[in-house]
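Remarks on the overall topology
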Amino acid sequence: MSTSASMTPLSLVMNRLNEKGYGNEFKIGRDGAYLEGNSKRYNPDELTIVKTYRFEGDSDPADMAVLYAIESGDGKTGMILNAYGTYSDQDQEFYDKFILDVRVDEREDLEMD
């Protein structure tokens, strides 16, 4: 379900996803997920996580993050970035429920070499 990008910096993964068309950022709010600049709101069943990247700081727990490559049913693509663990910046109760309800169908073409 998830892959480790332990030797690849987060910025490099984000740049490569941008090159592959996943440069937009999905935001999760109380009324669903949305792309910046787009008024459409997505429910979890309208999205798919197509790749998960986890980053763990060897010396600093604040470096722990997860990056999801996301596709919507209407063809939009983007990513969701979040710290995890103690330093998560997503303290809203609806974030965890939303992301856990998104279908996962990982694709190998988004592997980072």
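Here the structure is a predicted model, which means the values were calculated and not measured.

A word on the confidence of the model for the chain
Residues of the chain with pLDDT of at least 70 account for 80%, and the chain-wide mean is 84. Taken element by element, the predicted model of the chain shows its lowest mean pLDDT in strand S1 (residues 3-4) (50) and its highest in strand S7 (residues 103-104) (96).

A word on the environment of Ile28
Locating Ile28 in the fold gives a position in strand S2 (residues 26-29). You can call Ile28 buried: its relative accessible area is 12%. Considering only alpha carbons, one finds Ile28 and Phe94, 66 residues apart in sequence, at a separation of 8.4 Å. Once you skip the residues sitting within four places of it in the chain, Ile28 turns out to touch Ala33, Ile80, Phe94, Tyr95, Phe98 and Ile99.

Overview of the nonpolar core
Phe26, Ile28, Leu47, Tyr68 and Ile80 are the most contacted members of the largest nonpolar core, which has 16 residues in total. Elements with a contribution of two residues or more to this core: S2, strand S3 (32-35), strand S4 (47-55), strand S5 (65-72) and helix H2 (93-101). If you tally residues by element for this core, the top one is H2, at four residues. Setting aside residues up to four positions removed in sequence, Tyr68 forms contacts with Ile49, Lys51, Thr52, Gly78, Met79, Ile80, Tyr95 and Ile99.

Digging into the pattern of salt bridges
Tallied over the entire structure, the rule returns ten salt bridges. Taking the shortest distance from any N to any O, the salt bridge between Arg41 and Asp31 comes out at 3.2 Å. Of this pair, Arg41 sits in the loop between S3 and S4 while Asp31 sits in the loop between S2 and S3, placing them ten residues apart in sequence. Assessed through its relative accessible area of 48%, Asp31 is described here as partly exposed. Glu106 is the partner of Lys51 in a salt bridge, and the nearest nitrogen-oxygen pair spans 3.5 Å. With Lys51 in strand S4 and Glu106 in the segment after S7, the pair connects residues that are 55 residues apart, well separated along the chain.

Let's talk about the pairing of S2
With four bridges joining them, S2 and S3 adopt antiparallel strand pairing. From the neighbouring strand, Lys27 faces S3, where its bridge partner is Tyr34.

Points about H2
Inspection of H2 places Phe94, Tyr95, Phe98 and Ile99 among the buried residues, and these make up the whole buried set. For H2, the angular spread of buried residues about the axis comes to 120°, placing them on one side. In H2, those exposed residues whose orientation departs by more than 90 degrees from the buried face are Glu93, Lys97 and Leu100. Turning to H2, the residues buried within the fold contact S2, S3, S4, S5 and strand S6 (77-83).

Parameters and conventions
- Numbering of residues starts from 1 in every chain and runs along the sequence as written.
- Local features in this predicted model are restricted to residues of pLDDT 70 or higher, and side-chain atom pairs are both shown and tallied only at a pLDDT of 80 or more, whereas totals for entire chains, interfaces and linings draw on every residue.
- To get the side-chain values, all heavy atoms of the structure are used, and hydrogens and water are removed first.
- Per-residue confidence from the predictor is reported as pLDDT, a score between 0 and 100.
- Labels follow the DSSP assignment, with helices taken as runs of H or I lasting at least four residues and strands as runs of E lasting at least two, numbered in each case from the N terminus.
- Partly exposed residues are those whose accessible area sits between 20% and 50% of the maximum for their type, while under 20% is buried and over 50% is exposed, using a 1.4 Å probe and protein chains only.
- Contacts are assigned to residue pairs that have any heavy atoms within 4.5 Å of one another.
- As used here, the term nonpolar core means buried Ala, Val, Leu, Ile, Met, Phe, Trp, Tyr and Cys residues forming a set that is joined through side-chain atoms within 4.5 Å.
- The rule for a salt bridge is simple: a side-chain nitrogen of Lys or Arg has to be within 4 Å of a carboxyl oxygen of Asp or Glu.
- We treat two strands as partners when DSSP finds at least two bridges between them.
- Note: the arc covers the axis-to-C-beta directions of the helix.

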